[in-house]
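Listed below, chain by chain, are the residues.
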Amino acid sequence: PQSQQLLTTITQQGIVTELGKKQQLNTIINALSADNIPLILLKGAAFADVIYSAQSPRTSNDLDILIKKQDWQKAIKTIKTIMNYTEKAQPDVFGDLYELSFIPKNNTGAALDLHSSLINPFLFNISESALWDNSVEHPTYNNTNVRMLMPEHALIHQALHAYKDMDFSKYNLVDSHEIISQQALNIELAIATAKEWGARVPLYVLLKNCVAVMGSNINKKKLSAIKPNAIAYKLINKLITSRFSQPINNKKPLRYRVNQVLGQFVFTGSFIRPLGLQWQFIKALVK
């Protein structure tokens, strides 16, 4: 009974919080729409009223929105009229490369992460045109400028975000399972796209956990076809389970940095792209 009461209380709090966040999101959407700036809602903002109901919301701490690169500066200017820019908790050389953070001017409400790319563009070859051309209008807002990723791209984004956090075993499993279960996902298309974008390894790790933990219905033969080789797979497991997989007390010790660089090579399956990123990092650091 105590567990049931706790879950009921947290759900009720979540419903109220999400109502407030949706009101804030409407303000953001109205501001961007007034300047004719299309947007793609990501993660929790996209899944609300689509794979989760208002009575059982998928709560989150922030809002995530993707903007076309051609509209990036215009969108920043618009958002600054209703929100304040804020530096990330763990700023670094590439801190604002593809994602800016904002908080409401009155300091109440959710933070906004404004994206020009799903993830660091140096590491993965994400096709912006494919994201936008295949995006669909979000069913809630009656606005063609308010869009969400197609299921296959949304699943790949889950994998990329899990790689970024170096954590493939949290709420991303529930989100991914619901995408697979509810949205008539074409797994062959998702795998083919992930290969094209250099995201095959993160997608494999995410799907393997979805099958193992959530019991997701994924064809095992198709999944084994994208499994990394034995050496890479062993290194992946070590990186994910390392106690240095995350910053410690908002600090990034040398061991974390070593793991981070190793992960770039292993998870992208590329030698050239991580080297290019490190070269850009060194040049930016020198400046």
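Residues numbered from 1 in each chain as written. Predicted model: local features only at pLDDT ≥ 70, side-chain atom pairs only at ≥ 80, totals over all residues. Heavy atoms only, no water.

Caption draft 1: Spotlight on the overall build of the chain. Of the regular secondary structure elements, the chain holds twelve helices and seven strands. Its C-alpha radius of gyration of 19 Å places the chain within 12% of the 19 Å reference for a compact globule of 287 residues. With the C-alpha coordinates aligned to their principal axes, the bounding extent of the chain is approximately 55 × 50 × 40 Å. Looking at the chain alone, contacts between residues at least 24 apart form 70% of all its contacts between residues at least 6 apart. Accessible surface for the chain amounts to roughly 14800 Å². Of this, 53% is attributable to carbon and sulfur atoms. Taking the 31 positively charged and 21 negatively charged side chains of the chain as two groups, their mean positions are separated by 9 Å. (Helix = DSSP H or I, 4+ residues; strand = E, 2+ residues; numbered from the N terminus. Rg over C-alpha atoms; globule rule 2.2 N^0.38 Å. Contact = heavy atoms within 4.5 Å. Areas by Shrake-Rupley, 256 points an atom, 1.4 Å probe, with all protein chains shown as cover. Lys, Arg positive; Asp, Glu negative; His and termini not counted. Charge placed at Lys NZ, Arg CZ, Asp CG, Glu CD.)

Caption draft 2: A look at the nonpolar core. Grouped together as the largest cluster of nonpolar side chains are 75 residues, with contacts concentrated most on Leu41, Ile65, Ile67, Leu112, Leu114, Leu155 and Phe267. Once you skip the residues sitting within four places of it in the chain, Leu112 turns out to touch Ile28, Leu63, Ile65, Ile79, Met83, Leu100, Ser101 and Phe102. (Core = buried A, V, L, I, M, F, W, Y, C linked by side-chain atoms within 4.5 Å. Buried < 20%, exposed > 50% of the residue type's maximum accessible area, 1.4 Å probe, protein only.)

Caption draft 3: Structural context of the environment of Arg243. As for its placement among the helices and strands, Arg243 is situated in the loop between α10 (230–241) and α11 (254–268). Arg243 sits twelve residues away from Arg255 along the chain, and the two C-alpha atoms are 9.5 Å apart.

Caption draft 4: The arrangement of a nonpolar patch on the surface in detail. Together, Leu254, Val258 and Leu262 line one region of the surface with nonpolar side chains, adding up to about 280 Å² of accessible area. Relative to the assigned elements, Leu254 resides in helix α11. Among the residues examined, Leu254 registers a relative accessible area of 68% and is labelled exposed. (Patch = residues over 30% accessible without salt bridge, like charges linked within 9 Å, V, L, I, M, F, W, Y side chains within 5 Å. Salt bridge = Lys/Arg side-chain N within 4 Å of Asp/Glu carboxyl O.)

Caption draft 5: Fine view of the pattern of salt bridges. This model, assessed by the stated rule, comprises seven salt bridges. A salt bridge links Arg58 to Asp175, with the shortest nitrogen-to-oxygen separation between them at 2.6 Å. Taken together, the residues span a long stretch of sequence, with Arg58 in the loop between α2 (43–47) and β2 (62–66) and Asp175 in helix α6 (residues 171–182) at a distance of 117 residues. The exposure classification of Arg58 matches that of Asp175, with both residues buried.

Caption draft 6: Here's a closer look at the packing of aromatic side chains. The full count for this structure, using the stated rule, is six aromatic pairs. Ring centres 5.1 Å apart and planes at 40° place the aromatic pair Tyr163 and Phe267 in the tilted group. On the criterion of sequence distance, the pair formed by Tyr163 in helix α5 (residues 151–165) and Phe267 in helix α11 is long-range, its members being 104 residues apart. A single burial state applies to Tyr163 and to Phe267, both of which are buried. The interplanar angle of 70° and the centroid separation of 6.1 Å between the aromatic rings of Tyr204 and Tyr233 together place this pair among those described as edge-to-face. One end of the pair, Tyr204, is in helix α8 (residues 200–214); the other, Tyr233, is in helix α10, and 29 residues separate them in sequence. Both residues of the pair, Tyr204 and Tyr233, count as buried. An aromatic cluster is built from Phe124, Tyr163, Phe168 and Phe267, whose rings are joined through pairwise contacts. (Phe/Tyr/Trp six-rings, centres within 6.5 Å; stacked < 30°, edge-to-face > 60°.)

Caption draft 7: Geometry of the pairing of strand β4 (residues 99–104). A large share of β4 lies buried, amounting to five of its six residues. As defined by bridge partners, β4 adjoins strand β5 (residues 111–115) across four bridges and the pair is classed as antiparallel. Each residue of the ladder has a partner; that of Leu100, found in β5, is Leu114. (Pairing = 2+ DSSP bridges.)

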